[in-house]
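# Fold and contact review
So the chains spell out like this:
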Amino acid sequence: MTQDTFPIRKVHHIRHYVNNARQAAFFYQHTFGFNITGYYGLETGSKDEVGYLLEQGDLKLVFSAPIRPGHPMASKIAEHGDFVQDIAFEVDDVDEAFRTAVERGAEIARTPFSLEDDRGSVRIASIQIYGDTVHSFVNADRYDGHFMPGYRIENEPGDPIGIIDVDHCVGNVELGRMNYWVKWYSDVLGFSNLISFDDQDISTDYTALMSKVMASGNGRVKFPINEPAEGKKKSQIDEFLEFFGGAGVQHVALRTDDIIHTVSRLRARGIQFLSVPRAYYDMLGDRVGDIEEDIDVLADLGILVDRDDEGYLLQIFTKPVTDRPTLFYEIIHRKGATSFGKGNFKALFEAIEREQALRGTL
Ligand code: FE2
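Predicted model only: the values in this text are computed from it and were never measured. (Residues numbered from 1 in each chain as written. Predicted model: local features only at pLDDT ≥ 70, side-chain atom pairs only at ≥ 80, totals over all residues. Heavy atoms only, no water.)

### Side note on the pairing of strand S1 (residues 10–17)
Most of S1 sits inside the fold, with eight of its eight residues counted as buried. Sheet topology note: the S1/strand S5 (residues 83–90) ladder contains seven bridges and is antiparallel. Bridge assignment links Val11 to a residue of S5, and that residue is Phe89. Pairing of S1 with strand S4 (residues 59–66) involves four bridges; the strand directions are parallel. Bridged to Ile14 within S4 is Leu61. (Buried < 20%, exposed > 50% of the residue type's maximum accessible area, 1.4 Å probe, protein only. Helix = DSSP H or I, 4+ residues; strand = E, 2+ residues; numbered from the N terminus. Pairing = 2+ DSSP bridges.)

Here you go:
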């Protein structure tokens, strides 16, 4: 048993920078079914930006937007479109985590500071990762209010669809940079490399990518990192890098314990998913063996299945949720499997390429 050299409890929250936080919050409330539970803005004394806190299961999402011209957030949003800006970790000791990370080579995004109100205080610091993305360290052990100081409590329930938590967050980085970030997660945050895929594993006739999965010491935080590989045409990673303007978060995987329910609800609410060829389901039984779900139901919903040594998993990928072909979501239901659906990559990428072809970006 190796020692965890950088203890991280869990993902504390994921912050998006968006152009219009009110509309983003409404979208995630009415499609993914998140409850809007917090707000900051002019009414709470925030003069330059607004934010909404959304919750479902253990997952907390924050959508922040600038409300004045010339705000530094605005230039980031102009560059990238709406994007995931912060994957924040809950840690025991923010100052210690920050000091250790910086000693090990992390670039400082924000030195430790405290947010305080009459319910206590929350300590926060941030380090830079790829592109304009950061990891914040958060500790709220000395706070008994809601989330963190500065937020007003909101009670605008969504209609939750069984999302339990984040399963993993995937970053796309530039060609040749995957191993840099793999080493960075290993050196700075003590993560280990769970799985690697090379372009042989996951290439199609046209495009290829390389991927490595990094996991925190306790295994609760997982970050696959993708880079493009040479293909006959432009890969989906190249397309992301071009439209995003560099490296960034490509998808967030949300965990459910009833994927048929979750995906049925999302479809009923208008969320669009990548479609897979019907032939995929003809081959499914041979590929994954016995599963509890009815294959016809999975086929109707477009849910993919893969098996590893420990069990199987069901997963599906949305189309991009932003105007740009950048951020999308995965819904994942694990039935023992701890992997990421390698067996689906090829079927999936062919589906993505059909979408790319429609966009003329293949
Ligand atoms: Fe994924």
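### Looking at the coordination of the iron ion
Around the iron ion, the protein contributes the donor atoms His168 (NE2), His251 (NE2) and Glu330 (OE), which lie 2.0 to 2.2 Å from the metal centre. Site description for the iron ion: donor spacing in sequence, H-x82-H-x78-E. Of this pair, His168 sits in strand S10 (residues 163–172) while His251 sits in strand S14 (residues 248–256); the two residues are 83 residues apart in sequence, bridging distant segments of the chain. Both residues of the pair, His168 and His251, count as buried. (Donors = N, O, S within 2.8 Å, 3.2 Å for Na, K, Ca; no water.)

### A word on the environment of Ile195
Residue placement: Ile195 occurs in strand S11 (residues 192–197). Given a relative accessible area of 22%, Ile195 falls into the partly exposed group. In sequence terms Ile195 and Thr326 are 131 residues apart; their C-alpha atoms lie 24 Å from each other. Non-local contacts of Ile195, meaning those with residues more than four positions away in its chain, are made with Ser211, Lys212, Val213, Ser339 and Phe340. (Contact = heavy atoms within 4.5 Å.)

### Overview of the domain arrangement of the chain
Here the domain parsing of the chain yields domain 1 (8–156) and domain 2 (163–359). Spacing between the C-alpha centres of domain 1 and domain 2 amounts to 25 Å. Contacts between the two partners involve 40 residues from domain 1 and, on the opposite side, 36 residues from domain 2. Buried surface at the junction of domain 1 and domain 2, both sides included, amounts to about 3,100 Å², of which 67% is carbon and sulfur. Of all residues in domain 1, the largest losses of buried area upon contact with domain 2 belong to Phe32, His80 and Tyr130, amounting jointly to 23% of the total for that side. Our count for the domain 1 to domain 2 interface comes out at zero salt bridges. For the pair domain 1 and domain 2, the interface holds 12 residue pairs in polar contact (both at pLDDT 80 or more). For the side of domain 1 that touches domain 2, the secondary structure elements donating two or more residues are S1, helix H1 (21–30), helix H2 (72–80), S5, strand S7 (120–128) and strand S8 (134–139). (Domains from an automatic or database assignment. Buried area = accessible area lost by both parts, 1.4 Å probe. Salt bridge = Lys/Arg side-chain N within 4 Å of Asp/Glu carboxyl O. Polar contact = N/O pair within 3.5 Å; in protein donor to acceptor, adjacent residues only side chain to side chain.)

### Looking at the environment of Ile259
You can see Ile259 is positioned in helix H6 (residues 259–268). Residues Ile259 and Ser192 lie 67 residues apart in sequence; the distance between their C-alpha atoms is 29 Å.

### Things to note about empty space enclosed by the protein
By the definition in use, this model includes three cavities of 30 Å³ or more. Approximately 150 Å³ is the volume attributed to the second largest cavity. Taken together, 15 residues line the second largest cavity, and the ones lying closest to its centre are Gln236, Pro320, Phe328, Ile352 and Arg359. Those elements that place two or more of their residues in the lining of the second largest cavity are helix H5 (236–244) and helix H9 (342–359). (1 Å grid on protein atoms, 1.4 Å probe; cavity = no way out; pocket = protein on both sides within 12 Å on 5 of 7 lines; lining within 4 Å. Points joined across faces, edges and corners; volume = space filled by probe spheres on them.)

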